[in-house]
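Structure at a glance
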Amino acid sequence: MKVEAKQLEFLTSTAPKTGADLLIDLLKSEGVDTLFGYPGGAVLPIYDAIYRAQGTIKHILFRHEQGMIHAAEGYARITGRPGVVIATSGPGATNLVTGITDAMMDSLPLVVFTGQVARSVIGTDAFQEADVMAITTPITKHNYQVQSISDLPRIVKEAFHIASTGRPGPVLVDIPKDISAGVLVEEPEEACIDLPGYQPTTKPNPLQIKKLADSIAKAKKPVILAGAGVLHGKASRELTAFAEKHQLPVVTTLLGLGAFPADSPLSLGMGGMHGTYAANMALHETDLLVNFGARFDDRLTGNLKHFAPHAKVAHIDIDPAEIGKNVPTQIPIVSDAKEALVELIDQTAESPEIMAWLETLHQYKQEYPLWYKHNPDGMCPQWLIEAVHKVTNGEAIVTTDVGQHQMWAAQYYTFREPHRWITSGGLGTMGFGFPAAIGAQIASPESTVVAFVGDGGFQMTLQELSVIYERNLPVKIIIVNNGALGMVRQWQELLHGNRISESILHTQPDFVKLADSYGIRGMKIDNEEDLITSLPELFAHDGPVLVDCRVLQQEKVFPMIAPGKGIHEMIGVKPS
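Below you will find a few notes about this structure. On a predicted model such as this, the values are computed, not experimentally measured, just so you know. (Residues numbered from 1 in each chain as written. Predicted model: local features only at pLDDT ≥ 70, side-chain atom pairs only at ≥ 80, totals over all residues. Heavy atoms only, no water.)

Here's the deal with the packing of aromatic side chains
- The final tally for this structure, using the stated rule, is 12 aromatic pairs.
- Note on Phe 36 and Phe 62: the rings are 5.9 Å apart at their centroids and 40° apart in plane angle, and the pair reads as tilted. Highlighted residues: Phe 36 in strand 2 (residues 34-37) and Phe 62 in the loop between strand 3 (58-61) and helix 3 (65-79), separated in sequence by 26 residues. There is no split in this pair, since Phe 36 and Phe 62 are both buried.
- With centroids separated by 4.1 Å and ring planes inclined at 35°, the aromatic side chains of Tyr 277 and Tyr 368 adopt a geometry described as tilted. (Phe/Tyr/Trp six-rings, centres within 6.5 Å; stacked < 30°, edge-to-face > 60°. Helix = DSSP H or I, 4+ residues; strand = E, 2+ residues; numbered from the N terminus. Buried < 20%, exposed > 50% of the residue type's maximum accessible area, 1.4 Å probe, protein only.)

Following this line, the structure appears as structure tokens:
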């Protein structure tokens, strides 16, 4: 497949054009409007070109490379377009590793440009040299090191194509300083994409689609599992239409939240380690499991010996490597989720007769709902999430860090629409939530963006408060502050004999004074009455806000599937 590039429009200047000028032109030709970056020696020619571009591409200066790449992930998650990152060589590049890995595991499109020492000194342990190609090969969809200015148009075109097609993911382009500083001798040729070894399958096999449709018609206990692939494929509307056509119950994964409306009678909620009883029992008892774009990771399945033991499994995924990787699959369909759903909707097979199954699942939902106990001695974190849901009408873009607050947000902030939920699923990255919210706010300036963060994870990337202050980004930061590494403490209490080892944060900053030092409005709230009074006004504020919510330390996330247990072996299903 060859894709012709647009004719490049070059900056008008009497100065000689450099490789860096060419790079900026190429980014503009790809429709890039925002750069997430941090300058340094090896990328100074690129920043010189950004200066010469006179604001034609917006650059956001972050305070740490990890913060800016998580912001680029948030941007990519909301827009569906690649987040573009620029960092210098050596420590600048290595500070990106966590974010690149996070994007790889959660299938987020990024194009990451790293500076590199000049070609003549690569391999000599030069100042701020790191072998970023070797470091990032396992954690990128593809990576390049530019060896000639004339290669830049092709490499940039391919990088954006690879990052955003098939299963999305990060692509890294390493640019030696002598390439970016080098002078263009002649106008480069127009680039085209010619990647015979990279041809993602997007259309489903018609015979497999018919086989699945026939299986659905015969099933007695079918269930749909909706993963992030539905969202990446922009297939939420088609999924809803398909489920409603055949009255099929739907379970979503953590990363699939929002793919199907949570208020639908057919929604069973989130499945997995902290999923609902109805969702997990549906996955355990089903006789036909239809997976759209989920990768059957261990936090969803629990012990594989007990996962969907009675089910025929159909797996629709754009990445063939995922099909059959963890769960044996009888109906494999390599396809984009939307393309497969469109074909399934058009099938003439009859709907299954499953009224008894739907009634059983309805009873599970009624008898075993999510629960928590109000405590007069403090604020319940679950109630906090519900209060924010109410004041935002469930329409905010929500980001989280990783831990208890992440699971409470997944359980209690329910979504009616897609593309409102941003979290670190596969890698489980603390410090992700706040910078991801910055990227989401940049991507969607008119949206309400809420960052639910823990008091532990927030301290890993809080320096990005500078960014929301200087850009006046109205991100609302809700610190779910229990004075602990909450999920670590919960596991220690339940699974390690209550040996609480180094998971209590005995010393904390004054988060309100911290916010004030950055010029941001802050408030500390330690009871539910004050929160009810304050939230509407705080969310009406047209700038950034930080709310330090002191919640009960001993609260746990339930239900829970302990490691090694089956998906049906939940604890904490009902109040003790």
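The rest of the description comes next.
Details of the environment of Gly 543
- With respect to the helices and strands, the residue Gly 543 is situated in the loop between helix 23 (528-540) and strand 20 (545-550).
- Distance in space between the C-alpha atoms of Gly 543 and Arg 471 is 9.5 Å, their sequence separation being 72 residues.
- The residues contacting Gly 543, other than those within four sequence positions of it, are Asn 472, Leu 473, Pro 474 and Lys 476. (Contact = heavy atoms within 4.5 Å.)

Points about the sheet that holds strand 12 (residues 288-292)
- The strand order 11-10-9-12-13-14 describes an open sheet built from six strands, whose pairing is parallel. Edge positions in the sheet fall to strand 11 (267-270) and strand 14 (331-334), since each of these pairs with one other strand and no more. Mean inter-strand twist for the sheet, computed between neighbouring axes without regard to direction, equals 15°. (Pairing = 2+ DSSP bridges. Axes fitted to C-alpha atoms, helices over the stretch in contact; angles between N-to-C directions.)

Quick notes on the environment of His 506
- When you line up the elements, His 506 lands in the loop between helix 21 (486-495) and helix 22 (511-517).
- Assessed through its relative accessible area of 73%, His 506 is described here as exposed.
- On a C-alpha basis, the gap between His 506 and Phe 307 in space is 40 Å, while along the polypeptide they are 199 residues apart.

Topic: the pairing of strand 5 (residues 110-116)
- Counting buried residues in strand 5 gives seven out of seven residues, a clear majority hidden from the surface.
- Where strand 4 (residues 83-87) meets strand 5, five bridges bridge the pair, whose relative direction is parallel. Opposite Gly 83, over in strand 5, you have Leu 110 as the bridge partner.
- Note: strand 5 against strand 7 (residues 170-176), seven bridges, orientation parallel. Bridging from a neighbouring strand, Gln 116 pairs with Pro 176 of strand 7.

Observations concerning the packing of helix 3 against helix 5 (residues 97-106)
- Helix 5 packs onto helix 3 with a crossing angle of 20° between their chain directions and a minimal axis gap of 8 Å. Taken together, the axes of helix 3 and helix 5 lie roughly parallel to each other. For helix 3 against helix 5, the interelement crossing comes out right-handed. Here helix 3 contributes Gln 66, Ile 69, His 70 and Glu 73 to the contact with helix 5, which in turn contributes Thr 98, Gly 99, Ile 100, Asp 102 and Ala 103. (Parallel < 35°, antiparallel > 145°, perpendicular 65-115°, else oblique. Left-handed = near helix turned anticlockwise from the far one by under 90°.)

Some points on helix 18 (residues 433-443)
- Of all the 11 residues making up helix 18, 10 are buried; the element is thus mostly covered by neighbouring parts of the structure.
- All of the buried residues along helix 18 are Gly 433, Phe 434, Pro 435, Ala 436, Ala 437, Ile 438, Gly 439, Ala 440, Gln 441 and Ile 442.

A word on the layout of surface pockets
- For the second largest pocket, the calculated volume is near 480 Å³.
- What lines the second largest pocket is a set of 26 residues, and nearest its centre among them are Leu 268, Gly 269, Thr 276, Leu 370 and Thr 414.
- Looking at the lining of the second largest pocket, the elements with two or more residues in it are strand 11, helix 12 (277-285) and helix 17 (404-412).
- By residue number, the principal contributor to the lining of the second largest pocket is strand 11, which donates four residues. (1 Å grid on protein atoms, 1.4 Å probe; cavity = no way out; pocket = protein on both sides within 12 Å on 5 of 7 lines; lining within 4 Å. Points joined across faces, edges and corners; volume = space filled by probe spheres on them.)

A word on a nonpolar patch on the surface
- Taken together, Leu 494, Leu 495 and Ile 571 make up a surface patch of nonpolar side chains, about 210 Å² in accessible area.
- Structurally, the position occupied by Ile 571 is in strand 22 (residues 570-571). (Patch = residues over 30% accessible without salt bridge, like charges linked within 9 Å, V, L, I, M, F, W, Y side chains within 5 Å. Areas by Shrake-Rupley, 256 points an atom, 1.4 Å probe, with all protein chains shown as cover. Salt bridge = Lys/Arg side-chain N within 4 Å of Asp/Glu carboxyl O.)

A word on the nonpolar core
- One finds Leu 212, Ile 224, Leu 239, Leu 289, Val 290 and Phe 292 to be the most contacted residues of the largest nonpolar core, which totals 57 residues.
- Among the elements that take part in this core, helix 12 stands out by supplying six residues, more than any other. (Core = buried A, V, L, I, M, F, W, Y, C linked by side-chain atoms within 4.5 Å.)

Focus on the side chain of Glu 555
- Along the chain, the position of Glu 555 falls in the loop between strand 20 and strand 21 (560-561).
- At 7.7 Å, Lys 556 is the nearest oppositely charged side chain to Glu 555, a buried residue that forms no salt bridge. (Lys, Arg positive; Asp, Glu negative; His and termini not counted.)

A few points about the packing of helix 16 (residues 381-391) against helix 23
- Closest axis-to-axis distance for the helix 16/helix 23 pair is 10 Å, and the angle between their directions is 35°. In the crossing of helix 16 with helix 23, the sense of the turn from one axis to the other is right-handed. In this structure, helix 16 contributes Trp 383, Leu 384, Ala 387, Val 388 and Val 391 to the contact, and helix 23 contributes Glu 528, Leu 531, Ile 532, Leu 535, Pro 536 and Phe 539.
- Taken together, the residues that form the contact of helix 16 with helix 23 break down as 10 nonpolar, no polar and one charged. (Nonpolar A, V, L, I, M, F, W, Y, C, P; charged D, E, K, R; others polar.)

Digging into helix 9 (residues 206-218)
- Look at helix 9: 19 Å from first C-alpha to last across 13 residues, which is about the 18 Å you get at 1.5 Å a residue.
- Burial in helix 9 covers these residues: Gln 208, Ile 209, Leu 212, Ala 213, Ser 215 and Ile 216. Within helix 9, the buried residues cover an arc of 160° as seen down the axis, which keeps them to one side. In helix 9, the exposed positions angled more than 90 degrees off the buried face are occupied by Pro 206, Leu 207 and Lys 218.
- On the buried face of helix 9, the contacting elements are helix 11 (236-246), strand 12, strand 13 (312-317), strand 14 and helix 14 (337-346).
- Between a side-chain oxygen at the N-terminus of helix 9 and the backbone nitrogen of Leu 207 the separation is 2.8 Å; the capping residue is Asn 205. (Expected span 1.5 Å × (residues − 1). Arc of directions from axis to C-beta. Polar contact = N/O pair within 3.5 Å; in protein donor to acceptor, adjacent residues only side chain to side chain.)

Keep in mind these numbers describe shape, not what the thing actually does.
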